[in-house]
Structures are given as C-alpha cells and as structure tokens.
Amino acid sequence: MPLIDTHSSPGADPGLDPALPPVVELTPPDIAPYRRGNTGVDYVTTLDSGRDGPHLLINALVHGNELSGAIAIDGLFRMGLRPSRGRLTLAFANTAAYATFDPAHPYLSRCLDEDFNRVWSPALLDGRRDSVELRRARELRPVYESADAILDLHSMSNDTAPLILCGRTARGRDLAVRMGHPAWIVADEGHASGRRLIDYGGFAAPGGVRTALLVECGQHWRKETAAVALESCLRFLLAFDAIDPALAAPHLRRRADRQRFVEVTEAVTAGEAEFRFAAPFVGMEVLERAGTPIGWDGDRPVLTPYDGCVLIMPARRPRAGQTAVRLGRLEP
Ligand SMILES: [Zn+2]
C-alpha cells in the first residue's frame, strides 16, 4: 500500500505501518446535496443575513481525506444555522479528491495531482500549469478573495492535540485568542514548497485587515476531531458576533484551557542518513531545556536550540531533504 500522506510537513512522509491500519471512526458525509450551492461555484453556499457585517468563510476538504471539516459543515447546514449579521460562506474545497475517499486506504485521497494547500500564489494561479487542484483553486479564488475572514479546517496524521495556525500577523493571533479554542496557537509562515490558503494575498499581509486561520482539529479519523471542528466553527462565528450564542452553546463542550502561544522558529531537515526521533513524538511536546535530544540525523544528535522548545507536527518517517519537524518557542 503506497505511503503518501504528506500533510503536515511538505514532502515529509509520516508513514503508515501496514501492521497497524488506521482506524477510521468517522463516516464521510454525503455532500451531493450541497453541490449546486447558490454562488455559481459548485459546493459553495453563501448564507446572507441581510444585515451589515463581515463576510465569513468556513472551508473544509482542502485535503480530501480530512473528514472532520466536511462533517462540521454538514452539521452547520443540518442545524439550519444562519448568520445574524453579515454573510457566511460554507465551502467544500477539494471535492474531487474527497470523492475518492476509501476507508480501507484513507491516506490516498489527500489530493489527486498535487497539494491544494501549496498553490496559493498569484504566479501559480495565473500561470499556465494545469492540475485538478489548480483548476479547483482557480474556481474558488474569487470566493476566498471576497471573504473578510476564513476558517480553514484540517486534521493531522498523528494523534496530536488540536491547534490553530494563525500566521505571523497580530490580527491572526488576536482572532485565535477571541475563539478561545483550541488551546494551542502556533504562529508560522507556511512552507517553502508552496503557499497555503491562509497565506494567500491579503490574509498574510502585515498591514491588512483580512484574517485567515487554519485549525488542525486532531487526528484525521477520530470521532473527537469532528467535534473539535464543529466547535471551532461556532467559536469562529461567535468571535465575530455573527451567530446567536444560544444556538452554539450546546456544542461548546469545554471551556478552553489557558491558550498557549508558540512561535515557529525553524525547521529541522532530515539529511541523507536515516533520521530517528529520540522518542515517539506526536507533536506539541514541550522540551524544557536547551540541548535536549530531539533525534539523530545519522550519527549526529539533533538538540533543542532553546528552553521551552515545542515540536510542531513531526513527520512519522522523515526522508532525506524533507522537514522532519518544525521547532517553536513557547511563550512564557
Ligand atoms: Zn490538511
């Protein structure tokens, strides 16, 4: 069985032990009823309150095998949720990849031709190259460009605590704090291998006003991950005062712990020799002391460069030249 999930670190292969097939607790929802939508773009629906307010957008299925976002949006539709001000757009992104989801081989439907979340630069979008994902990105581009704020729902290969990627802007961090959940907020600027949606255009511009967050809701196919995704949607809408709090209340299952803020400082790239971690890290471990072993790149020990070093989404099987793990500094 091919091992191709490369979700968290571009090109890194988290691997999949054939002896331990992943347990898929979630059922992919039927999204066919949402295909027509009302925007002229398939699988995109805009709910208009008729009142002034921001255009908020919740986005699922950037990666076709990340079911929790689709389940959350399906849940919002089923709740009959309407914004109380402004507009709310609900979008299913890489629906072609999602259509190939097979619970027996759940890693395989992440994308068809390329990663939908690495194509968000004008040069690529305006260029001549073609792929399933680029075609869909070009369809969705005006939808995303019309949003004031985007919540982009994802999940992870490892069983890692949920986290918000808020980019480098103060307004990204501020929105993550106003959501109050998940508890980890991680500031980074994306990947050398291509721009993410949350880094596109005005969303990452230092002086801008538009904001985009990516929430990694948990392990791809755990039940809990779908609950985190739905709660994240509701907290995003509450942060803009865009829904009735009474509607959201039954789904807010936990008061967030104190949120912790991590600034990503660097990536550890695996060399030619085998890269081995010092422990079976899953991500968000805090290594308290500088000089603590993270792993070995061949014979060379890789040590934490500072106190309070957080491991961000380690690859399960790092390959040469690829990101083994990113490191972040925990804000005291
Ligand atoms: Zn993803």
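Further up the page is the structure itself.
Everything numeric in this text was worked out from a predicted model, so none of it was measured.

1. Describing the sheet that holds strand E11 (residues 293–297)
Strands belonging to one sheet form pairs held by backbone hydrogen bonds; the direction of such a pair is parallel or antiparallel.
Okay, so step 1: Taken in spatial order, the three strands make up an open sheet running E9-E11-E12, and their pairing is antiparallel. Strands with a single pairing partner mark the edges of an open sheet, and in this sheet they are strand E9 (275–277) and strand E12 (300–303). Along the sheet, successive strands turn relative to each other by an average axial angle of 25°, direction set aside.
Okay, so step 2: Strand direction decides the pairing type here: E9 and E11, joined by three bridges, are antiparallel. In the sheet register, Phe275 faces E11, and the bridge partner there is Asp297.

2. Re the environment of Ile164
Okay, so step 1: Its location among the elements puts Ile164 in strand E5 (residues 163–165).
Okay, so step 2: What Ile164 contacts, discounting residues up to four positions off in sequence, is Ala176, His181, Pro182, Trp184, Ile185, Val186, Leu213, Leu214, Val215 and Gln259.

3. Remarks on the packing of aromatic side chains
Remark: the centre distance and the inter-plane angle together describe each pair of aromatic rings, the angle taken between the planes.
Okay, so step 1: Counted under the stated rule, the structure contains 10 aromatic pairs.
Okay, so step 2: A centroid spacing of 6.5 Å and a plane angle of 85° characterise the contact between Tyr43 and Phe92, whose relative ring orientation is edge-to-face. Taken as a pair, Tyr43 in the segment before strand E1 (44–48) and Phe92 in strand E3 (residues 87–92) lie far apart in primary sequence, 49 residues in all.
Okay, so step 3: With relative accessibility at 12%, the residue Tyr43 sits in the buried group.
Okay, so step 4: Measuring from ring centre to ring centre gives 6.1 Å for Phe277 and Phe281, while their planes differ by 90°; the resulting arrangement is edge-to-face. Comparing Phe277 with Phe281 shows no difference in burial state: the two are buried.
Okay, so step 5: Grouping aromatic residues by their ring pairs yields a cluster made of Tyr34, Tyr43, Phe77 and Phe92.

4. Focus on the packing of helix H1 (residues 67–79) against helix H6 (residues 223–239)
Okay, so step 1: For the pair H1 and H6, the least separation of the axes is 8 Å and the interaxial angle reads 55°. Considering the angle they form, H1 stands oblique to H6. H1 and H6 meet at a crossing whose hand is right-handed. Across the interface between the two elements, Ser68, Gly69, Ile71, Ala72, Leu76 and Met79 of H1 pack against Thr225, Ala226, Ala229, Leu230, Cys233 and Leu234 of H6.
Okay, so step 2: Within the contact of H1 with H6, the residues separate by chemical class into nine nonpolar, three polar and no charged.

5. Here's the deal with the coordination of the zinc ion
Okay, so step 1: Around the zinc ion, the protein contributes the donor atoms His63 (ND1), Glu66 (OE), Glu66 (OE) and His154 (ND1), which lie 2.1 to 2.4 Å from the metal centre.
Okay, so step 2: Geometry at the zinc ion is irregular, judged from its four donor atoms and the angles of 57 to 152° they form at the metal.
Okay, so step 3: The sequence motif formed by the donor residues of the zinc ion is H-x2-E-x87-H.
Okay, so step 4: You can call His63 buried: its relative accessible area is 1%.

Thresholds applied
Residues numbered from 1 in each chain as written. Predicted model: local features only at pLDDT ≥ 70, side-chain atom pairs only at ≥ 80, totals over all residues. Heavy atoms only, no water. Pairing = 2+ DSSP bridges. Helix = DSSP H or I, 4+ residues; strand = E, 2+ residues; numbered from the N terminus. Axes fitted to C-alpha atoms, helices over the stretch in contact; angles between N-to-C directions. Contact = heavy atoms within 4.5 Å. Phe/Tyr/Trp six-rings, centres within 6.5 Å; stacked < 30°, edge-to-face > 60°. Buried < 20%, exposed > 50% of the residue type's maximum accessible area, 1.4 Å probe, protein only. Parallel < 35°, antiparallel > 145°, perpendicular 65-115°, else oblique. Left-handed = near helix turned anticlockwise from the far one by under 90°. Nonpolar A, V, L, I, M, F, W, Y, C, P; charged D, E, K, R; others polar. Donors = N, O, S within 2.8 Å, 3.2 Å for Na, K, Ca; no water. Tetrahedral: all angles 85-135°; square planar, octahedral: opposite > 155°, others 65-115°.

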